[in-house]
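For reference, the chains in residue letters:
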Amino acid sequence: FDVTALDNPVPVGREVTYEIKVMNRGTGACQNVQLAAVLAEGTEFVGATTGATNQAAAVRAQGQQLVFEPIATLGVRNEQVYRVRVKASAPGELRFRVQLTCDQLRTPLVKEESTNFYAEQR
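As the structure is a prediction and not an experimental result, all values here were calculated from the model.

Asks: So what exactly am I meant to see when it comes to the side chain of Thr 43 here?
Replies: Mapping Thr 43 onto the fold places it in strand β5 (residues 43-50). At a separation of 2.6 Å, a polar atom in the side chain of Thr 43 contacts the main-chain carbonyl oxygen of Ala 40. Every residue in contact with Thr 43, bar those within four places of it in the chain, is listed here: Gln 64, Val 86, Lys 87, Ala 88, Leu 94 and Phe 117.

What follows is the structure in structure tokens.
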């Protein structure tokens, strides 16, 4: 899977969108694909969408942690794309951390994306 910030750097108070692409490049279907994300302190979750039509994603936010509804089966050569919107209340280099698990993996896959939030000059 890949995690990308669509804008970087970003002014404090404006949203940044992180795109999470979950792809199955294997030879068999993946079962019970689970995504979880952790927001950096000083950032807040705004919303999440999925798919080509940007429908609302089923995600549960608990403090700085996001837990997405599991994908029961991700077929060979299929992908699922999520877009997570976040904004920061203070400047700094902040990280968005995503973990992926599924029945076929022995250990979770973890990726981080760093975003530089800056204070706009008046």
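The structure having been displayed, the exposition proceeds.
Asks: Help me understand the packing of aromatic side chains in this model?
Replies: The relation between two aromatic rings is expressed through the spacing of the ring centres and the mutual angle of the planes. The final tally for this structure, using the stated rule, is 2 aromatic pairs. Judged by centre distance (5.0 Å) and plane angle (55°), the rings of Phe 68 and Tyr 82 are tilted. With Phe 68 in strand β8 (residues 65-68) and Tyr 82 in strand β10 (residues 79-88), this residue pair connects regions lying 14 residues apart in the sequence. Of the two residues examined, Phe 68 and Tyr 82, each falls in the buried class. One residue, Lys 111, lies across the ring of Phe 1, its end atom 5.5 Å from the ring centre.

Asks: I'm lost on the sheet that holds β5 in this one. Help?
Replies: Adjacent strands of a sheet pair through backbone hydrogen bonds, lying either parallel or antiparallel. In spatial order, the strands read β1-β3-β10-β5-β6; together these 5 strands make up an open sheet with antiparallel pairing. At either margin of the open sheet sits one strand with a lone partner, and together these are β1 (2-5) and β6 (55-56). Two strands pair when backbone bridges link them, and β5 and β10 are joined in this way by 7 bridges, in the antiparallel orientation. Residue pairing across strands places Thr 49 opposite Arg 83, the latter belonging to β10.

Asks: Hey, could you run me through the environment of Thr 27 in this one?
Replies: Structurally, Thr 27 can be placed in the loop between β3 (15-23) and β4 (30-39). Residues Thr 27 and Glu 113 lie 86 residues apart in sequence; the distance between their C-alpha atoms is 28 Å.

Asks: What is the right way to read unusual backbone geometry from this model?
Replies: Note on backbone geometry: most residues besides glycine have negative phi, and most peptide bonds are trans. Omega for the peptide link from Asn 8 to Pro 9 comes to 5°, which places this bond in the cis form. Counting through the fold element by element, Pro 9 comes out in the loop between β1 and β2 (10-11). For Asn 32, which is not glycine, the phi dihedral falls at a positive 50°. Along the chain, Asn 32 turns up in strand β4. With a phi close to 65°, Arg 77 is a non-glycine residue in the positive phi region.

Asks: Would you explain the state of the cysteines in this entry?
Replies: Such a bond, covalent and formed between the sulfur atoms of two cysteines, is termed a disulfide. One pass over the full model with this rule turns up 0 disulfides. The closest cysteine sulfur to the non-disulfide-bonded Cys 30 is located on Cys 102, 4.5 Å from its own sulfur.

Asks: Sorry if this is basic, but what is going on with the layout of surface pockets here?
Replies: Think of a ball as big as a water molecule: rolled over the atoms, this probe shows where empty space is left. Approximately 150 Å³ is the volume found for the largest pocket. Elements represented by at least two residues in the lining of the largest pocket include exactly β3 and β4. Classifying every residue of the lining of the largest pocket by side-chain character gives 10 nonpolar, 2 polar and no charged.

Asks: I'm lost on the nonpolar core in this one. Help?
Replies: One broad trend across soluble globular proteins is that nonpolar side chains are buried collectively. One finds Ile 20, Val 22, Phe 68 and Phe 96 to be the most contacted residues of the largest nonpolar core, which totals 30 residues. For this core, the secondary-structure elements that each account for two or more residues are β1, β3, β4, β8, β9 (71-74), β10 and β11 (92-101). In terms of residue count, the dominant contributor to this core is β4 (5 residues). When near neighbours in sequence (up to four residues on either side) are disregarded, Phe 68 contacts Ile 20, Gln 34, Leu 35, Ala 37, Ala 48, Ala 58, Val 59, Tyr 82 and Val 84.

Parameters at a glance
Residues numbered from 1 in each chain as written. Predicted model: local features only at pLDDT ≥ 70, side-chain atom pairs only at ≥ 80, totals over all residues. Heavy atoms only, no water. Helix = DSSP H or I, 4+ residues; strand = E, 2+ residues; numbered from the N terminus. Polar contact = N/O pair within 3.5 Å; in protein donor to acceptor, adjacent residues only side chain to side chain. Contact = heavy atoms within 4.5 Å. Phe/Tyr/Trp six-rings, centres within 6.5 Å; stacked < 30°, edge-to-face > 60°. Buried < 20%, exposed > 50% of the residue type's maximum accessible area, 1.4 Å probe, protein only. Lys NZ or Arg CZ within 6 Å of the ring centre and 35° of its normal. Pairing = 2+ DSSP bridges. Disulfide = S-S within 2.5 Å. 1 Å grid on protein atoms, 1.4 Å probe; cavity = no way out; pocket = protein on both sides within 12 Å on 5 of 7 lines; lining within 4 Å. Points joined across faces, edges and corners; volume = space filled by probe spheres on them. Nonpolar A, V, L, I, M, F, W, Y, C, P; charged D, E, K, R; others polar. Core = buried A, V, L, I, M, F, W, Y, C linked by side-chain atoms within 4.5 Å.

It is worth stressing that arrangement in space is one thing and function is another; only the former is reported here.
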